[in-house]
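# Structure at a glance
Residue-level listing of the chains:
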Amino acid sequence: MVTKMAREFIGITKHLLEQPQPWVKDGRLLVPRETLIEMLDKHAYLTSTEKLTLWRKLHWIDAEQDHFTRRLRCDDGTVKRVIMLDLSAYEGLCEMRAMPTE
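An account of the accompanying structure is given in this report. (Residues numbered from 1 in each chain as written. Predicted model: local features only at pLDDT ≥ 70, side-chain atom pairs only at ≥ 80, totals over all residues. Heavy atoms only, no water.)

For the rest of this paragraph, the subject is helix α2 (residues 33–40). Buried residues of α2: Leu 36, Ile 37, Met 39 and Leu 40, and no others. All buried residues of α2 lie within an arc of 160° about the axis, which places them on one face of the element. Opposite the packed face of α2, turned more than 90 degrees from it, sit the exposed residues Glu 34 and Glu 38. Where α2 is buried, its residues contact α1 (2–17), β2 (28–32), α3 (48–57) and β5 (79–86). (Buried < 20%, exposed > 50% of the residue type's maximum accessible area, 1.4 Å probe, protein only. Helix = DSSP H or I, 4+ residues; strand = E, 2+ residues; numbered from the N terminus. Arc of directions from axis to C-beta. Contact = heavy atoms within 4.5 Å.)

Before going further, it helps to spend a moment on the nonpolar core. The tendency in soluble globular proteins is for nonpolar side chains to be buried side by side. Phe 9, Leu 36, Leu 52, Trp 55, Trp 60 and Leu 85 are the most contacted members of the largest nonpolar core, which has 24 residues in total. Of all the secondary structure elements, the ones that give two or more residues to this core are α1, β2, α2, α3, β5 and α4 (87–98). Among the elements that take part in this core, α1 stands out by supplying six residues, more than any other. If sequence neighbours within four positions are ignored, Trp 60 has contacts with Val 2, Met 5, Ala 6, Phe 9, Trp 55, Met 84, Leu 85, Asp 86, Ala 89 and Leu 93. (Core = buried A, V, L, I, M, F, W, Y, C linked by side-chain atoms within 4.5 Å.)

For the coordinates displayed, the defined rule picks out five salt bridges. Among the salt bridges present, the one from Glu 8 reaches Lys 51, with a minimum N-O distance of 3.1 Å. Placement of the pair is Glu 8 in helix α1 and Lys 51 in helix α3, with a sequence separation of 43 residues. Take Glu 8 and Lys 51: they sit in the same class, and that class is buried. A salt bridge links Arg 70 to Asp 62; the shortest N-O distance between them is 3.0 Å. A network of salt bridges, in which partner residues are shared, links Arg 28, Asp 62 and Arg 70. (Salt bridge = Lys/Arg side-chain N within 4 Å of Asp/Glu carboxyl O.)

A word on the environment of Gln 65. With respect to the element layout, Gln 65 can be found in the loop between β3 (61–62) and β4 (70–73). Here the alpha-carbon distance between Gln 65 and Met 1, two residues 64 residues apart in the chain, equals 24 Å.

In this section: the packing of aromatic side chains. In the structure shown here, the tally under the stated rule is three aromatic pairs. Taken together, a centroid distance of 5.1 Å and an interplanar angle of 40° make the contact between Phe 9 and Trp 60 tilted. With Phe 9 in helix α1 and Trp 60 in the loop between α3 and β3, the pair connects residues that are 51 residues apart, well separated along the chain. Here the two residues Phe 9 and Trp 60 agree in accessibility, since each one is buried. Ring geometry for Trp 55 against Trp 60: centres 6.2 Å apart, planes inclined by 55°, an arrangement best described as tilted. (Phe/Tyr/Trp six-rings, centres within 6.5 Å; stacked < 30°, edge-to-face > 60°.)

Given below as structure tokens:
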């Protein structure tokens, strides 16, 4: 199960980073909740809520307690809730995938 989740996390993060002007701040990829939920729902081995719960426990996302999101104050003064994917977790998982298996 963890391998499947890691593949999905890597795939989603890679796809989002390849988009024009990905929203990156302080080592985190910021994603609107609706966008990520839609992507997570494409592979229904778990619900998106279950996946995000596990991602939060594994520290693959940075979130406020009891939420999957963090509040972010924008330059115009508005506050948005976004899911923050941890890019160091992404890089670590990519390195682990590249390692030979026994």
